[in-house]
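Structure at a glance
Each chain, letter by letter, is given below.
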2 protein chains.
Amino acid sequence: MLTQTTISPAGRMPIGHGARHQRPDNDLSEANDLSEAIEMLGDAKSYRRNEEIYFQGEPTDSLYKVISGAVRTYKILADGRRQIGAFYLPGDVFGLEARDDHAFSAEAIVDAKVLVVRRSEIFTLADRDNDIARDLWKLTARELQRVQDRLLLLVKTAQERVVGFLLEMAERGYAANEVELPMSRQDIADYLGLTIETVSRTFTQLTTTAAIELPTSRRIVLRNRAALRRLAS
Amino acid sequence: MLTQTTISPAGRMPIGHGARHQRPDNDLSEANDLSEAIEMLGDAKSYRRNEEIYFQGEPTDSLYKVISGAVRTYKILADGRRQIGAFYLPGDVFGLEARDDHAFSAEAIVDAKVLVVRRSEIFTLADRDNDIARDLWKLTARELQRVQDRLLLLVKTAQERVVGFLLEMAERGYAANEVELPMSRQDIADYLGLTIETVSRTFTQLTTTAAIELPTSRRIVLRNRAALRRLAS
DNA sequence: CGACCATTTGATATGGATCAAGCGATGTGG
DNA sequence: CCACATCGCTTGATCCATATCAAATGGTCG
């Protein structure tokens, strides 16, 4: 990569420091100990746009944290259609799959930098450090939460799905009312279980009703958050 | 309850026995230490058909294990529709939600017996016993897996969803080729994001093509597993 | 037997898919 | 620097799977 931000290189993580600070059981906002461990132990890798990170069926042996860019996980169904599992943005951890083999493939949506760490290393840490173990659980629980939220999206109308997606992206992004989408219309369609045409039409319609603005096809300004939340039902 | 099978009552769980036996990282088939802990610590409670176990929005402070009967979790959407989150059968653990408050409600589908244990007790155990901590993670990961599988179902056709549901129930049940459904057509419809009419019509159609047999509306015989798997795409 | 509820079956409507074409931005070769 | 190919997106016309509305059937319990 050209502009490689130096990532703190691998090194032994101080472990067994016990429960240093109080945290409520269910604070999902951060999973810092694990995240720090990945920063310490992880190897920085760069992937080019559309480059494969791992493939459906391969053994699940690493954890990943996005540093820059964006990643999608996806699955090719028997009929050839593609279903996107999730989008991961900078700061997100992915690769936490339940089975021994990846149920989904992962690839870079745009040029991306990712930290990679072996699961076995994390599991060893977790056995010694309760904070890490709890983070591991939290991260999985958070992922579960996201998938459940999406499940609710998938039974709604096309407009509700698209609006729900936009609000989700806006919440995850930095800027409050502006979203820079790294993914194509096709990606969005495969994420929401719709066709590219329906996604496009919905965007146009939202523009017509002044709920959003589309300076470019990948940049979306949320004009009327309240109206959007109403449309998300 | 009338036929109350005696459940081993609460009692202190031996802890800190460390990693007694080897298990692969990803063995999701069992989570025995945690399951046993719930057996030891849990209070047996009985719920009647349609009785509320916990309600959407209430604090998430317990874990549950189904002893007999069946449980559904569900959510009432803004437009009044009901989405079912999951069905839990004997042996299943539920209540592992990510947030402080329940995103879903839970109720008994038929008369059910359930073990209830405080999450805080489990978390305390998990802090001392790595096996419990790992089980907690595994159980959450398994739940994640199930939800992801269902996500894939929800983007398919009505027939594929219904067949997928039947195969799932058959795998989880005891008898290989026969399923006794504890839930109504409406429950199934709300689980699959379909209408009750579509579910019913699909069942009739599967009967017509001799893929299944319907001795009663709640009892389903899988006549042709291979054909069903093909229909599930 | 009669009331009630779950399920099935029938007729019609519709949201989103599919098929098809046009448009705009980006990049390439002459 | 312009002509043109390519790719991602939008727009239009039609079709179809499933929802919706409506009614009949069947099973269960007092």
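A tally of helices and strands in chain A yields seven helices and nine strands. Restricting to contacts in chain A with at least 6 residues of sequence separation, those with at least 24 account for 73%.

Close to DNA strand D lie 16 residues; Arg185(A), Ser200(A), Thr204(A), Ala158(B) and Thr198(B) are nearest. Each atom of DNA strand D within 4 Å of the protein was classed as base or backbone; sugar and phosphate made up 63%. At 3.1 Å, a side-chain N or O of Thr195(B) approaches a phosphate oxygen of DNA strand D. Glu197(B) is positioned such that a nitrogen or oxygen atom in its side chain is 2.9 Å from a base nitrogen of DNA strand D. When residues of the surface near DNA strand D are traced back to their parent elements, those giving at least two are α6 (196–208) of chain A together with α6 (196–208) of chain B. Tallying contributions element by element places α6(A) first for the surface near DNA strand D, with four residues. Residue composition of the surface near DNA strand D, by class: two nonpolar, eight polar and six charged.

Attention now goes to the interface of chain A and chain B. By a frequent convention, interface size equals the accessible area lost on bringing the separate parts together. Facing the 41 residues of chain A at the interface are 41 residues of chain B. Remark: the boundary between chain A and chain B carries four salt bridges. In this structure, Asp127(A) engages Arg134(B) in a salt bridge whose closest nitrogen and oxygen atoms are separated by 3.4 Å. In this assembly, chain A and chain B are joined by nine residue pairs in polar contact (both at pLDDT 80 or more). Where the side of chain A that touches chain B is concerned, the elements lending two or more residues are α2 (119–128) and α3 (130–154) of chain A.

Let's shift gears to the protein's contact with DNA strand C. Around DNA strand C lies a shell of 16 residues, among which Ala158(A), Thr198(A), Arg185(B), Ser200(B) and Thr204(B) are the nearest. A share of 65% of the atoms of DNA strand C within 4 Å of the protein falls on sugar and phosphate groups. One of the side-chain N or O atoms of Arg185(B) is found 2.8 Å from a phosphate oxygen in DNA strand C. Within the contact set of DNA strand C, a phosphate oxygen lies 2.7 Å away from a side-chain nitrogen or oxygen of Ser200(B). Listed by contribution, the elements that provide at least two residues to the surface near DNA strand C are α6 of chain A together with α6 of chain B. At four residues, α6(B) tops the list of elements feeding residues into the surface near DNA strand C. Among the residues forming the surface near DNA strand C, the class breakdown is two nonpolar, eight polar and six charged.

Across all of its chains, the model carries four cavities of 30 Å³ or more by this definition. Roughly 110 Å³ of volume is contained in the largest cavity. Every residue along the wall of the largest cavity is listed here: Phe123(A), Ala126(A), Asp127(A), Ala133(A), Leu136(A), Asn130(B), Ala133(B), Arg134(B) and Trp137(B). Listing elements by their share of the lining of the largest cavity, those giving two or more residues are α2 and α3 of chain A together with α3 (130–154) of chain B. Ranked by residue count, the leading element in the lining of the largest cavity is α3(B), at four residues. By residue class, the composition of the lining of the largest cavity is six nonpolar, one polar and two charged. One number sums up the size of the second largest cavity: a volume of about 90 Å³. Asn130(A), Ala133(A), Arg134(A), Trp137(A), Phe123(B), Ala126(B), Asp127(B), Ala133(B) and Leu136(B) together form the lining of the second largest cavity. Elements represented by at least two residues in the lining of the second largest cavity include exactly α3 of chain A together with α2 (119–128) and α3 of chain B.

Mapped onto the elements of the fold, Arg150(B) is located in helix α3. Within the buried set, Arg150(B) has no salt-bridge partner at all; the shortest N-O distance to an opposite charge, 5.9 Å, is to Glu168(B). A distance of 2.8 Å separates a polar atom in the side chain of Arg150(B) from the backbone oxygen of Tyr191(B). When residues no more than four places from it in sequence are discounted, the contact partners of Arg150(B) are Leu151(A), Gln83(B), Ile84(B), Gly85(B), Ala86(B) and Tyr191(B).

Let us now look at the domain arrangement of chain A. All names here are of chain A. Assigned domains of chain A: these are domain 1 (19–153) and domain 2 (158–232). Computed over C-alpha atoms, the centres of domain 1 and domain 2 are 25 Å apart. The partner domain 2 presents 15 residues to the 17 residues of domain 1 that form the contact. At the boundary of domain 1 with domain 2, total buried surface from both sides reaches about 1,300 Å², with 58% on carbon and sulfur atoms. Taken together, domain 1 and domain 2 are joined by four salt bridges. Residue Arg 82 is joined to Asp 190 by a salt bridge in which the shortest nitrogen-to-oxygen separation is 2.7 Å. Remark: the boundary between domain 1 and domain 2 carries nine residue pairs in polar contact (both at pLDDT 80 or more).

Here the focus is the relation of the copies chain A and chain B. Superposing chain A onto chain B requires a rotation of 180° together with a translation of 0.0 Å along the rotation axis, leaving an RMSD of 0.0 Å. Such a combination of rotation and displacement between the chain copies is what one expects of a two-fold axis. Comparing interface residues between copies, 100% of those in chain A also lie at the interface in chain B; the contact surface is shared.

This part is about the pattern of salt bridges. Any two side chains of opposite charge can pair, so long as their charged atoms come close to each other. Throughout the structure, instances matching the rule amount to 28 salt bridges over all chains. Taking the shortest distance from any N to any O, the salt bridge between Arg72(A) and Asp187(A) comes out at 3.0 Å. Highlighted residues: Arg72(A) in strand β3 (residues 62–76) and Asp187(A) in helix α5 (residues 185–192), separated in sequence by 115 residues. We note that Arg72(A), like Asp187(A), is buried. Note that Arg81(B) is salt-bridged to Asp79(B), the shortest N-O span being 3.3 Å.

Cut-offs used in this document
- Residues numbered from 1 in each chain as written.
- Chains lettered and ligands numbered in written order.
- Predicted model: local features only at pLDDT ≥ 70, side-chain atom pairs only at ≥ 80, totals over all residues.
- Heavy atoms only, no water.
- Helix = DSSP H or I, 4+ residues; strand = E, 2+ residues; numbered from the N terminus.
- Contact = heavy atoms within 4.5 Å.
- Near = heavy atom within 4 Å.
- Polar contact = N/O pair within 3.5 Å; in protein donor to acceptor, adjacent residues only side chain to side chain.
- Nonpolar A, V, L, I, M, F, W, Y, C, P; charged D, E, K, R; others polar.
- Salt bridge = Lys/Arg side-chain N within 4 Å of Asp/Glu carboxyl O.
- 1 Å grid on protein atoms, 1.4 Å probe; cavity = no way out; pocket = protein on both sides within 12 Å on 5 of 7 lines; lining within 4 Å.
- Points joined across faces, edges and corners; volume = space filled by probe spheres on them.
- Buried < 20%, exposed > 50% of the residue type's maximum accessible area, 1.4 Å probe, protein only.
- Lys, Arg positive; Asp, Glu negative; His and termini not counted.
- Domains from an automatic or database assignment.
- Buried area = accessible area lost by both parts, 1.4 Å probe.
- Least-squares fit on C-alpha atoms with pLDDT ≥ 70 in both.

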